[in-house]
Amino acid sequence: MKFGPLNTQWVLKIQRALFDLIFPSQCKICGGVLGAAKWVCKGCLGNTRFISPPYCDCCGIPLSPLFLEVERPLCKECQSRPMYFREARAVALYKGVMRECIHLFKYEKKEALSKPLGELMIESMNDYWGGKSFDLIISVPLHPARKRERGFNQAELLARAIKEHLALPLDIHSLRRIKPTTSQTTLNRRERLQNVKGAFQAKDKSAFFKKKILLIDDLFTTGATIDECSRIMIEAGAQEVYALTLARTV
Ligand SMILES: [Zn+2]
Ligand SMILES: [Zn+2]
């Protein structure tokens, strides 16, 4: 039997696994003591970069300090194209510790991170929308093939962690992804909009009727996915859609 050269990804995986065996209780980011936390310590999670005003009232993108005095500041994008969601907000920018956390969570399958990350989202919700009430939590669905491949839907895990803190139902069946969209990372805004068009479907329209929806995902990039999900739900009769993600790009 012949063996080819070891795939470098596998070498990295094996190294990581050994590291975890030898140092099971070290923070994956700072190497410090974990305590009761898993994978990432409380200090590092607290150091994720939070978003402070001024930001776009619609999509939540940080704006220049000049907008501080404006009552309802809107970015150029949201001024030129009305969005189906009412407001989209993120806990932090997609950089530094938050970016590392999302990578650990999503690609290294550290699913236990959904709990502390979900808690950060709850804190953010209180800051952004304290006092606002919702009827239903919806997580952005993955295509079944993609979910099988990854083993879990990161948005759904976050939504489950959030649900534990809010007395709200979570519906993971009524919004479906029917088109396995290709990876969006290399696409520009226009291509992303095209890419997600027709990707989602309301399986049960009545589930959304007159509901105030809290839509959960891990990442907001151009907002194409969040907006397309919102469109489906609004066209199915939803009253309003508010979206919350862990991070957003700028
Ligand atoms: Zn740490
Ligand atoms: Zn905006």
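Structure first, text after, so check above.
The rules behind each value
- Residues numbered from 1 in each chain as written.
- Chains lettered and ligands numbered in written order.
- Predicted model: local features only at pLDDT ≥ 70, side-chain atom pairs only at ≥ 80, totals over all residues.
- Heavy atoms only, no water.
- Donors = N, O, S within 2.8 Å, 3.2 Å for Na, K, Ca; no water.
- Tetrahedral: all angles 85-135°; square planar, octahedral: opposite > 155°, others 65-115°.
- Helix = DSSP H or I, 4+ residues; strand = E, 2+ residues; numbered from the N terminus.
- Buried < 20%, exposed > 50% of the residue type's maximum accessible area, 1.4 Å probe, protein only.
- Salt bridge = Lys/Arg side-chain N within 4 Å of Asp/Glu carboxyl O.
- Phe/Tyr/Trp six-rings, centres within 6.5 Å; stacked < 30°, edge-to-face > 60°.
- Lys NZ or Arg CZ within 6 Å of the ring centre and 35° of its normal.

A. Quick peek at the coordination of the zinc ion (ligand 1). Binding of the zinc ion (ligand 1) to the protein goes through Cys27 (SG), Cys30 (SG), Cys41 (SG) and Cys44 (SG), at separations of 2.3 to 2.4 Å. Its four donor atoms give the zinc ion (ligand 1) angles of 106 to 114° at the centre, a pattern that matches the tetrahedral case. Within one chain, the residues donating to the zinc ion (ligand 1) are spaced in sequence as C-x2-C-x10-C-x2-C. Within this pair, whereas Cys27 is found in the loop between α1 (8-22) and α2 (42-46), its partner Cys44 is found in helix α2, the two being separated by 17 residues in sequence. The class for Cys27 is buried, based on a relative accessible area of 3%. Classification of Cys44 by relative accessible area gives buried; the value is 7%.

B. Looking closely at the pattern of salt bridges. A complete count under the given rule lists 11 salt bridges for this structure. A salt bridge links Arg86 to Glu240, with the nearest nitrogen and oxygen atoms 2.5 Å apart. Taken together, the positions of Arg86 in the loop between α3 (76-80) and β1 (87-93) and Glu240 in strand β7 (residues 240-248) put the pair 154 residues apart, joining distant regions of the chain. Connected via shared salt-bridge partners are Asp57, Arg72, Glu87 and Arg89.

C. Representation of the coordination of the zinc ion (ligand 2). Every protein donor of the zinc ion (ligand 2) is listed here as Cys56 (SG), Cys59 (SG), Cys75 (SG) and Cys78 (SG), and their distances to the metal cover 2.3 to 2.4 Å. Of note is the zinc ion (ligand 2), whose four donor atoms meet at the metal with angles of 103 to 115° in an arrangement that counts as tetrahedral.

D. Region of the structure containing the packing of aromatic side chains. Here the structure, examined in full by the defined rule, presents seven aromatic pairs. Aromatic side chains Phe134 and Tyr242 sit 5.6 Å apart centroid to centroid with 70° between the ring planes, which places their arrangement in the edge-to-face category. Pair noted here: Phe134 is in the loop between α5 (114-129) and β2 (136-139) and Tyr242 is in strand β7, with a separation of 108 residues, a long-range link. A single burial state applies to Phe134 and to Tyr242, both of which are buried. Ring pairing ties together the aromatic residues Tyr55, Tyr128, Trp129, Phe134 and Tyr242, which thus form one cluster. The positively charged end of Arg89 is found above the aromatic ring belonging to Tyr128, 5.8 Å away from the centroid. A cation over an aromatic ring shows up here: Lys110 above the ring of Trp39, its NZ or CZ 4.6 Å from the ring centre.

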